[in-house]
Protein chains: 2
Amino acid sequence: MRNQPAGGRQRVILEDLQPEIDGGKFPIKRVLGESVTVEVDAFTDGHEALTCILLFRLEGEEEWRSLALLPLANDRWQGGFEVASLGRWRYTVRGWVDPFRTWQRDLAKRLAAGQDLAVDYLIGAELLEETARRADPDAARKLRESAEALRSPLTEEKSRVALDPALLDLAARFPDPETVVSWPRELGVVVDPERARFSAWYEFFPRSAAEEPGRHGTLADAERWLPDIHTMGFDVVYLPPIHPIGSTKRKGPNNALTAGPEDPGSPWAIGAAEGGHTAVHPELGTVEDLRTFVAAARELGIDTALDIAFQCSPDHPWVRDHPQWFRKRPDNTIQYAENPPKKYEDIYPFDFESEDWPALWEALRDVFLFWIEQGVRVFRVDNPHTKPFPFWAWLIPEVKARHPETIFLSEAFTRPKPMYYLAKLGFTQSYNYFPWRNVKWEIEQYFTELTQTPVREFFRPNLWPNTPDILTEYLQHGGRPAFVIRLALAATLGASYGLYGPAFELYEHAARKAGTEEYLDSEKYEIRRWDRDRPDSLAPLIARINRIRRENPALQTNATLRFHGIDNGELVCYSKTTPALDNVMLMIVNLNPHHRHAGWTSLDLDALGLAADQAYEVHDLVSDARYLWQGGRNFVELNPHVLPAHIFRVRRRIRHEQDFEYYT
Amino acid sequence: MRNQPAGGRQRVILEDLQPEIDGGKFPIKRVLGESVTVEVDAFTDGHEALTCILLFRLEGEEEWRSLALLPLANDRWQGGFEVASLGRWRYTVRGWVDPFRTWQRDLAKRLAAGQDLAVDYLIGAELLEETARRADPDAARKLRESAEALRSPLTEEKSRVALDPALLDLAARFPDPETVVSWPRELGVVVDPERARFSAWYEFFPRSAAEEPGRHGTLADAERWLPDIHTMGFDVVYLPPIHPIGSTKRKGPNNALTAGPEDPGSPWAIGAAEGGHTAVHPELGTVEDLRTFVAAARELGIDTALDIAFQCSPDHPWVRDHPQWFRKRPDNTIQYAENPPKKYEDIYPFDFESEDWPALWEALRDVFLFWIEQGVRVFRVDNPHTKPFPFWAWLIPEVKARHPETIFLSEAFTRPKPMYYLAKLGFTQSYNYFPWRNVKWEIEQYFTELTQTPVREFFRPNLWPNTPDILTEYLQHGGRPAFVIRLALAATLGASYGLYGPAFELYEHAARKAGTEEYLDSEKYEIRRWDRDRPDSLAPLIARINRIRRENPALQTNATLRFHGIDNGELVCYSKTTPALDNVMLMIVNLNPHHRHAGWTSLDLDALGLAADQAYEVHDLVSDARYLWQGGRNFVELNPHVLPAHIFRVRRRIRHEQDFEYYT
């Protein structure tokens with residue numbers, strides 16, 4: 001027989017296992033204690049019954065743990081497991097046509113129809129005896145006893161034995177291996193600390209932290225900002241690069257091509273005589289000062305995130321010590337960064353394809369390991385999309401195998417597909433297009449894509465209304481209301497969000513020139529002084545919103561984000577809930593920073609756990625206003641000059657059996 | 001260096017290649033002369049330029065043919081090839097970072113910016129010299145000449161050489177193999193004859209074809225029906241099983257459990273003393289008569305489809321000669337078919353897992369090969385979902401490797417996933433849920449799924465308003481208009497459709513009892529006489545509609561099906577076009593067989609190739625009425641008692657440069 005098929009008895013078809021990214025090429029992401037819900041299509045020819053199981057284990061464990069998948073509708077099966085420790089987990093599924101399950105199911109129907117079952121009991125006994133030959137001794141004994149009972153003349157006893165669910169469970173433990181179909185791949189889960197999912201970031205430049213005007217701030221000065229940052233409710237503080245800054249081709253204020261002698265330069269021009277990626281800029285302090293800073297932050301429950309920018313100023317020690325790590329031009333000069341016709345001569349990119357690439361890649365990995373040694377466990381990685389993907393595919397698992405708690409934030413403001421690809425390769429969180437999603441349809445479309453499609457399994461958005469590079473036109477021209485709107489959106493659309501802090505609190509909004517998103521007098525090129533005590537600072541509002549996020553677990557996840565209808569194109573309405581619906585948050589934001597807008601909601605009451613005939617309270621946790629609503633259609637009006645957003649906690653009134661009501 | 005990555009220089013990422021079914025596990029389907037349009041995401045880190053190519057070949061060819069993929073937007077690339085012969089084709093894609101393409105693109109920008117290019121020309125020369133080392137001698141010579149020109153002092157000559165597109169094409173033929181990324185799989189295309197896509201089927205029982213009342217019809221009688229079937233415009237005539245019929249437990253009229261001595265039995269109870277699956281029922285004639293019938297049909301351009309039902313009556317010779325092919329019960333009887341508690345004791349299913357399964361499977365394959373020998377090339381396979389999937393996965397390629405023109409129609413009225421899976425395994429066409437899609441939303445939803453999702457790549461629906469087993473409630477209660485509506489839908493929604501003929505033409509609509517879809521006095525269990533000359537027969541309308549299908553290529557494909565808005569829930573509106581939009585068909589059907597309905601369309605003018613400001617003619621090819629329309633909003637009214645459907649040909653008026661107008 002030509003082309004005789006292997007596995008002619010493997011009759012279960014397994015299809016469309018979810019979650020599975022790109023045919024199992026990449027792991028999904030979870031945080032500690034979350035669950036993985038697995039679904040798969042399983043079916044066979046004809047009408048026989050299946051058994052399907054889910055297998056899972058922590059990587060390195062010898063034995064699979066297993067549980068039965070349960071059938072939903074339409075040949076879909078489902079099961080789930082909890083990831084109870086950091087690191088990498090694996091899962092897969094198996095299924096087989098189960099003759100004893102089929103027999104038991106059919107016997108019940110035959111019994112109900114009052115048919116003669118003499119032959120059927122004999123068939124059942126044969127099935128159990130066959131199963132016993134594959135079973136362990138203890139199980140085999142029980143299976144043979146049951147088979148004997150099915151062969152006995154006592155009819156009533158036979159039907160009791162035959163329909164016993166425990167007997168089915170026992171028999172299902174010993175399928176005929178020739179009939180078992182395994183999903184062809186084992187799939188991975190990367191389990192991160194909870195902060196990977198839920199975090200509030202605050203970025204500032206330590207060199208601007210001195211109290212006295214004119215002095216270069218130090219890490220010790222920066223440390224004195226921490227209590228205020230803690231009061232505002234942030235749990236990650238992110239410092240731009242803290243390394244020595246090159247002087248060759250140093251940039252001056254407002255990105256000028258030449259710098260004056262007093263100009264401090266851009267922290268992203270990394271490396272000088274004093275050292276490179278593992279050194280601290282002498283004017284900021286020492287590595288020991290950084291350790292002190294990290295420890296002080298940790299005391300307040302704050303993680304310190306360092307900026308890892310893999311590029312060198314011409315003065316970086318590696319340029320002298322490892323010239324082979326850079327690309328040479330035919331005139332023997334080193335290739336500077338460029339995006340033709342633009343040139344960036346203050347920066348040398350690495351040549352990741354250099355003949356000496358293994359040493360280069362290891363040196364770059366060791367940069368992360370060095371700072372992890374100093375207590376850092378969070379990294380914001382600059383422009384990862386301009387380094388080869390194979391490099392990140394190697395580096396991130398290298399680091400996480402040793403330190404599974406490490407968090408990598410990808411700063412890849414690039415096209416959608418490379419941005420997603422970096423997340424697939426292992427970046428824990430990602431910058432994204434939030435800054436430029438300002439009108440209703442694009443907010444709804446983008447956050448539905450991020451949270452309700454397979455993207456949710458690998459891409460964790462971190463929402464930044466501004467960064468030192470991004471002062472959006474919306475913020476430039478929308479006044480204080482624009483900042484409040486973007487804050488409310490970032491903090492409630494995203495379980496993780498961040499602010500480029502002092503500039504945001506004080507709604508710095510002057511651009512260097514029209515049509516650019518660069519700040520005027522950007523802190524990237526000069527030391528700034530910030531009047532953080534200004535009475536109109538947004539700090540108190542930020543503190544309030546961060547407290548609402550901490551107190552309401554619905555806001556700590558993106559998985560349950562749902563948009564609701566509202567009949568005004570300037571108003572956006574969305575909810576987040578806990579899976580058990582015991583914390584339900586409803587947000588309504590006026591996206592127009594200039595004008596008052598009103599509208600009628602059409603809420604998806606099921607998503608909110610509400611019945612159509614029950615009244616419920618919406619409690620604005622920012623303004624403390626409370627409204628009694630009922631059904632899906634309710635009126636709202638938002639004046640951006642007062643408060644452009646409702647952040648409602650929805651309190652359902654539950655009708656109990658005893659017929660009294662209370663608020664959850 | 002632990003875990004050193006392989007392919008650190010393979011920097012192109014290839015993702016989401018389409019079409020690809022289940023990670024390449026199954027081939028897509030095409031018919032002769034169609035094209036395969038391939039798309040893939042391709043991108044790299046940074047800003048370098050890529051070259052991506054599509055490779056394709058007929059299976060068995062040594063060398064790939066190749067062509068360049070072209071970038072669309074958003075990192076998506078596209079290319080296509082025509083499948084010019086029957087059988088199996090293969091395709092895949094490759095991509096690499098292309099240094100010379102990058103250099104040429106950047107040089108153009110630098111030239112435009114007026115930069116000093118001395119070093120850049122040297123870099124280009126080096127790239128060409130490196131490429132020359134991989135090239136064939138002739139190409140190498142040309143590449144070196146160009147390199148020399150770039151090193152020459154003649155500036156003008158240099159830029160001409162540098163920007164030459166032919167030089168780029170030449171260099172792109174010799175990429176550095178270390179940098180080439182291949183899609184990890186080769187993907188398959190099964191190329192079928194055109195009839196696999198576009199066909200009109202007519203089913204009838206030869207035993208009812210005798211002219212004299214009371215006589216058992218023969219294949220020779222059936223042959224005399226062929227001219228009428230041809231006149232009606234059908235190109236496949238499908239005969240229920242023509243084999244000897246068992247007498248043990250034979251069913252009587254209306255599926256009675258016992259048959260009288262004159263009752264002919266069900267043709268699906270296959271096998272008697274006279275033979276089994278390769279014999280012809282003596283009352284129908286001989287194998288030679290079948291050959292004559294097939295040849296006569298072919299003369300008229302009609303294919304003969306046989307019904308292959310893999311099951312045996314207890315009298316089938318195989319029951320005696322190969323008892324091991326059937327399942328034994330403990331009381332030594334043979335297991336009959338059943339769906340507990342229902343029993344079908346006139347039928348024995350095969351035991352596909354029998355110890356002797358290779359011989360069984362080969363015997364079943366030989367059934368197909370036997371009838372192919374007799375000239376048959378189309379098979380309607382009965383209940384394939386009750387036979388193991390591995391069997392079909394083996395059988396269909398076995399047959400098509402020898403006879404690639406064979407068409408298999410799957411009769412799997414089962415759940416959606418097994419139904420689709422059989423199509424993935426190789427069934428050429430499939431019965432589907434069309435009979436039960438009667439209201440607007442379910443028609444729109446289902447046919448969008450079939451034609452606008454990946455399902456279209458492997459599942460070719462064949463639309464049957466009725467079959468001998470399916471007399472829908474819609475047809476039972478909707479009168480003659482219901483038959484016209486279902487005919488119009490089947491013939492225009494589906495490039496392939498079929499009728500259980502005489503019963504349809506004469507709108508037979510009496511059910512055996514309320515709540516069933518079985519015909520009263522079903523032809524499955526008795527010989528019927530049909531008055532095909534009845535003046536109210538639908539035959540002339542069927543002939544007209546089949547002629548419209550033949551004359552309008554838009555109706556010969558499902559790929560371009562689009563639904564349009566119409567503001568009446570009883571009216572459905574959809575179009576089909578040729579890819580070039582030179583044949584545009586627009587259908588509007590009143591789904592309510594009782595009442596007149598009217599509404600206003602909202603047409604997607606782009607899909608119809610129409611401009612908003614141009615008038616166009618819609619010409620009803622059934623009634624010959626013509627209307628002048630403009631824009632998307634037009635009024636229609638359909639009276640089901642006159643004609644419930646418009647089948648419009650849309651004739652655009654094209655404004656030429658010369659400013660005259662004509663109809664296409």
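Trainee: An account of the overall build of chain A is needed here, citing residue identities and associated values.
Mentor: Across its full length, chain A holds 18 helices and 31 strands. Along the three orthogonal principal directions, the C-alpha set of chain A runs to about 105 × 65 × 45 Å. For chain A, the proportion of its 664 residues judged to be buried stands at 60%. In chain A, of all internal contacts separated by at least 6 residues, the share reaching a separation of at least 24 is 74%. Entry remark: accessible area of chain A is about 26,400 Å², with carbon and sulfur atoms responsible for 50%. With 78 positive and 98 negative side-chain charges, chain A shows a spacing of 2 Å between the two charge centroids.

Trainee: Any chance you could break down the pattern of salt bridges for me, citing the residues and the numbers?
Mentor: One side chain can pair with another of opposite charge once the charged atoms of both are near each other. All names here are of chain B. All chains considered together, the criterion is met by 121 salt bridges over all chains. Between Glu-130 and Arg-134 there is a salt bridge, with the nearest N and O atoms lying 3.6 Å from each other. The class for Glu-130 is partly exposed, based on a relative accessible area of 34%. When its relative accessible area of 29% is taken as the criterion, Arg-134 is described as partly exposed.

Trainee: Describe the interface of chain A and chain B, with residues and values.
Mentor: How large an interface is tends to be reported as the accessible area lost when its parts come together. Contact with chain A, which involves 60 residues of that partner, is made by 60 residues of chain B. Summed over both partners, the interface of chain A with chain B buries about 5,600 Å², with 55% contributed by carbon and sulfur atoms. Counting across the chain A and chain B interface gives 12 salt bridges. Our enumeration of links across chain A and chain B arrives at 18 residue pairs in polar contact (both at pLDDT 80 or more). Elements that contribute at least two residues to the side of chain A that touches chain B include exactly β1 (13–18), β3 (35–43), α1 (99–112), α2 (118–132), β15 (337–339), α10 (357–373), α11 (389–402) and α12 (416–425) of chain A. By residue class, the composition of the side of chain A that touches chain B is 21 nonpolar, 13 polar and 26 charged.

Trainee: Give me the lowdown on the packing of α1(A) against helix α5 (residues 165–172) of chain A, citing residues and values where you can.
Mentor: All names here are of chain A. For the pair α1 and α5, interaxial distance at closest approach is 9 Å and the crossing angle is 160°. The orientation of α1 relative to α5 falls into the category roughly antiparallel. The chirality of how α1 crosses α5 is left-handed. On α5, the residues that touch Phe-100, Arg-101 and Gln-104 of α1 are Leu-167, Leu-168, Ala-171 and Ala-172.

Trainee: Give me the pairing of strand β22 (residues 496–500) of chain A: which residues, what numbers.
Mentor: All names here are of chain A. Here β22 lies mainly inside the structure; 5 of its 5 residues are buried. On β22, burial covers both faces: Ser-496, Gly-498 and Tyr-500 on one face and Tyr-497 and Leu-499 on the other are all buried. Note: strand β11 (residues 199–203) against β22, 5 bridges, orientation parallel. Bridged to Ser-199 within β22 is Ser-496.

Trainee: Any chance you could break down the relation of the copies chain A and chain B for me, citing the residues and the numbers?
Mentor: Two copies of one chain are present, and they are related through a rotation about an axis combined with an axial shift. With an RMSD of 0.0 Å, the fit of chain A onto chain B corresponds to turning through 180° and sliding 0.0 Å along the axis. Here the transformation between the copies is reduced to the relation of a two-fold axis. Considering only C-alpha atoms, the part of chain A nearest the rotation axis is Gly23(A), at 3.4 Å. Interface overlap between copies is the fraction of interface residues in one copy that are interface residues in the other; for chain A against chain B it reaches 100%, indicating a shared surface.

Trainee: Describe the confidence of the model for chain A, and please don't skip the residues or the numbers.
Mentor: Per-residue confidence for chain A averages 95 on the pLDDT scale, and 97% of its residues sit at or above 70. For the stretch residues 657–661 of chain A, pLDDT sits under 50, and the model shows 5 contacts to residues farther than four places along the chain or on other chains.

Trainee: Give a detailed account of the pairing of strand β29 (residues 635–638) of chain A, specifying residues and quantitative values.
Mentor: All names here are of chain A. Of the two faces of β29, the one holding Val-636 and Leu-638 is buried and the one holding Phe-635 and Glu-637 is not buried anywhere. Judged from the 4 bridges that link them, strand β26 (residues 597–602) and β29 form a sheet pairing that is antiparallel. Across the sheet, residue Trp-600 finds its bridge partner in β29, namely Phe-635.

Trainee: Just give me the short version of helix α8 (residues 287–299) of chain A, but keep the residues and values in it.
Mentor: Residue and element names in this part refer to chain A. Between its first and last C-alpha atoms α8 spans 19 Å; for 13 residues at 1.5 Å apiece the expected length is 18 Å, and the two agree. When α8 is considered as a whole, its buried residues turn out to be Leu-290, Phe-293, Val-294, Ala-296 and Ala-297. For α8, the angular spread of buried residues about the axis comes to 165°, placing them on one side. Those residues of α8 that are buried are in contact with α6 (219–223), α7 (226–232), β12 (236–239), β13 (303–308) and α10.

Trainee: How would you explain the packing of aromatic side chains if you had to name every residue and give the values?
Mentor: The description of an aromatic ring pair rests on the distance of the ring centres and on the angle between the ring planes. Residues and elements named next belong to chain A. The final tally for this structure, using the stated rule, is 106 aromatic pairs over all chains. With centroids separated by 6.1 Å and ring planes inclined at 70°, the aromatic side chains of Phe-205 and Trp-268 adopt a geometry described as edge-to-face. Taken together, the residues Phe-205 in the loop between β11 and α6 and Trp-268 in the loop between β12 and α8 connect sequence positions 63 residues apart. In this structure Trp-268 comes out as buried when scored by relative accessible area, which is 8%.

Trainee: With reference to specific residues and values, describe the environment of Val191(B).
Mentor: Residues and elements named next belong to chain B. Along the chain, Val-191 falls in strand β10 (residues 187–192). Residues Val-191 and Thr-428 lie 237 residues apart in sequence; the distance between their C-alpha atoms is 9.9 Å. If we skip the residues at most four places from it in the chain, Val-191 touches Arg-30, Val-31, Leu-32, Val-83, Ser-85, Leu-86, Gly-87, Trp-89 and Pro-404.

Trainee: I'd love a proper account of the sheet that holds strand β3 (residues 35–43) of chain B, names of residues and values included.
Mentor: Spatially, β1-β3-β7-β6 (chain B) is the arrangement adopted by the 4 strands of the open sheet, whose pairing is antiparallel. Every other strand in the sheet has two partners, leaving β1 (13–18) and β6 (70–71) of chain B as the edge strands with one partner each. In this sheet, β3(B) lies alongside β1(B) in antiparallel orientation, the contact comprising 4 bridges. Its bridge partner being in β3(B), Ile13(B) is matched across the sheet by Phe43(B). Where α12(A) meets the sheet, its contacts fall on β1, β3 and β7 (76–82) of chain B, and the angle it forms with β3(B) comes to roughly 65°.

Trainee: Requested: an account of unusual backbone geometry, with residues and values cited.
Mentor: Following Pro340(A), the chain continues to Pro341(A) via a peptide bond in cis, the omega torsion being 5°. With respect to the element layout, Pro341(A) can be found in the loop between β15 and β16 (342–344). Despite not being glycine, Asp16(A) shows a phi value in the positive range, around 50°. Overall, the relative accessible area of 41% leaves Asp16(A) in the partly exposed class. Of note in the backbone geometry, Lys249(B) takes a positive phi value of approximately 60° without being a glycine. Take Lys249(B): it is sitting in the loop between β12 (236–239) and α8 (287–299).

Trainee: Which residues make up the environment of Leu170(A), and what are the values?
Mentor: All names here are of chain A. Relative to the assigned elements, Leu-170 resides in helix α5. Along the primary structure Leu-170 and Lys-142 are separated by 28 residues, whereas in three dimensions their C-alpha atoms are 8.8 Å apart. In this structure, Leu-170 is in contact with Ala-139, Lys-142 and Leu-143, ignoring residues within four places of it in sequence.

Trainee: Now, about the sheet that holds β3(A): what can you tell me, with residues and values included?
Mentor: If you trace the 4 strands from one edge of the open sheet to the other, you get β1-β3-β7-β6 (chain A), paired in antiparallel fashion. Each having just a single partner strand, β1 and β6 (70–71) of chain A make up the two edges of the open sheet. When β3(A) meets strand β7 (residues 76–82) of chain A, the two strands line up antiparallel, connected through 7 bridges. Across the sheet, residue Val38(A) finds its bridge partner in β7(A), namely Gly79(A). Along the sheet, helix α12 (residues 416–425) of chain B contacts β1, β3 and β7 of chain A; its crossing angle with β3(A), the most-contacted strand, is approximately 65°.

Trainee: Explain empty space enclosed by the protein to me, and be specific about the residues and the numbers.
Mentor: Residue and element names in this part refer to chain B. One pass over the full model with this rule turns up 9 cavities of 30 Å³ or more. Estimates place the volume of the largest cavity at around 90 Å³. Together, Phe-205, Pro-206, Arg-207, His-216, Pro-240, Pro-241, Ile-242, His-243, Ile-245, Pro-267, His-281 and Leu-284 line the largest cavity. Here the residues of the lining of the largest cavity are counted per class, giving 8 nonpolar, 3 polar and 1 charged.

Trainee: Describe the side chain of Glu457(B), naming the residues involved and giving the relevant values.
Mentor: In this fold, Glu457(B) is placed in the loop between α13 (440–452) and β21 (462–463). The residues contacting Glu457(B), other than those within four sequence positions of it, are Pro19(B), Ile21(B), Ile28(B), Lys29(B) and Arg30(B).

Trainee: Describe the side chain of Arg110(A), with residues and values.
Mentor: Relative to the helices and strands, Arg110(A) is located in helix α1. A relative accessible area of 5% means that Arg110(A) is categorised as buried. Once residues lying within four places of it in the same chain are set aside, the contact partners of Arg110(A) are Gln115(A), Leu117(A), Asp120(A), Glu338(B) and Pro340(B).

About the cut-offs
Residues numbered from 1 in each chain as written. Chains lettered and ligands numbered in written order. Predicted model: local features only at pLDDT ≥ 70, side-chain atom pairs only at ≥ 80, totals over all residues. Heavy atoms only, no water. Helix = DSSP H or I, 4+ residues; strand = E, 2+ residues; numbered from the N terminus. Buried < 20%, exposed > 50% of the residue type's maximum accessible area, 1.4 Å probe, protein only. Contact = heavy atoms within 4.5 Å. Areas by Shrake-Rupley, 256 points an atom, 1.4 Å probe, with all protein chains shown as cover. Lys, Arg positive; Asp, Glu negative; His and termini not counted. Charge placed at Lys NZ, Arg CZ, Asp CG, Glu CD. Salt bridge = Lys/Arg side-chain N within 4 Å of Asp/Glu carboxyl O. Buried area = accessible area lost by both parts, 1.4 Å probe. Polar contact = N/O pair within 3.5 Å; in protein donor to acceptor, adjacent residues only side chain to side chain. Nonpolar A, V, L, I, M, F, W, Y, C, P; charged D, E, K, R; others polar. Axes fitted to C-alpha atoms, helices over the stretch in contact; angles between N-to-C directions. Parallel < 35°, antiparallel > 145°, perpendicular 65-115°, else oblique. Left-handed = near helix turned anticlockwise from the far one by under 90°. Pairing = 2+ DSSP bridges. Least-squares fit on C-alpha atoms with pLDDT ≥ 70 in both. pLDDT = per-residue confidence, 0-100. Expected span 1.5 Å × (residues − 1). Arc of directions from axis to C-beta. Phe/Tyr/Trp six-rings, centres within 6.5 Å; stacked < 30°, edge-to-face > 60°. 1 Å grid on protein atoms, 1.4 Å probe; cavity = no way out; pocket = protein on both sides within 12 Å on 5 of 7 lines; lining within 4 Å. Points joined across faces, edges and corners; volume = space filled by probe spheres on them.

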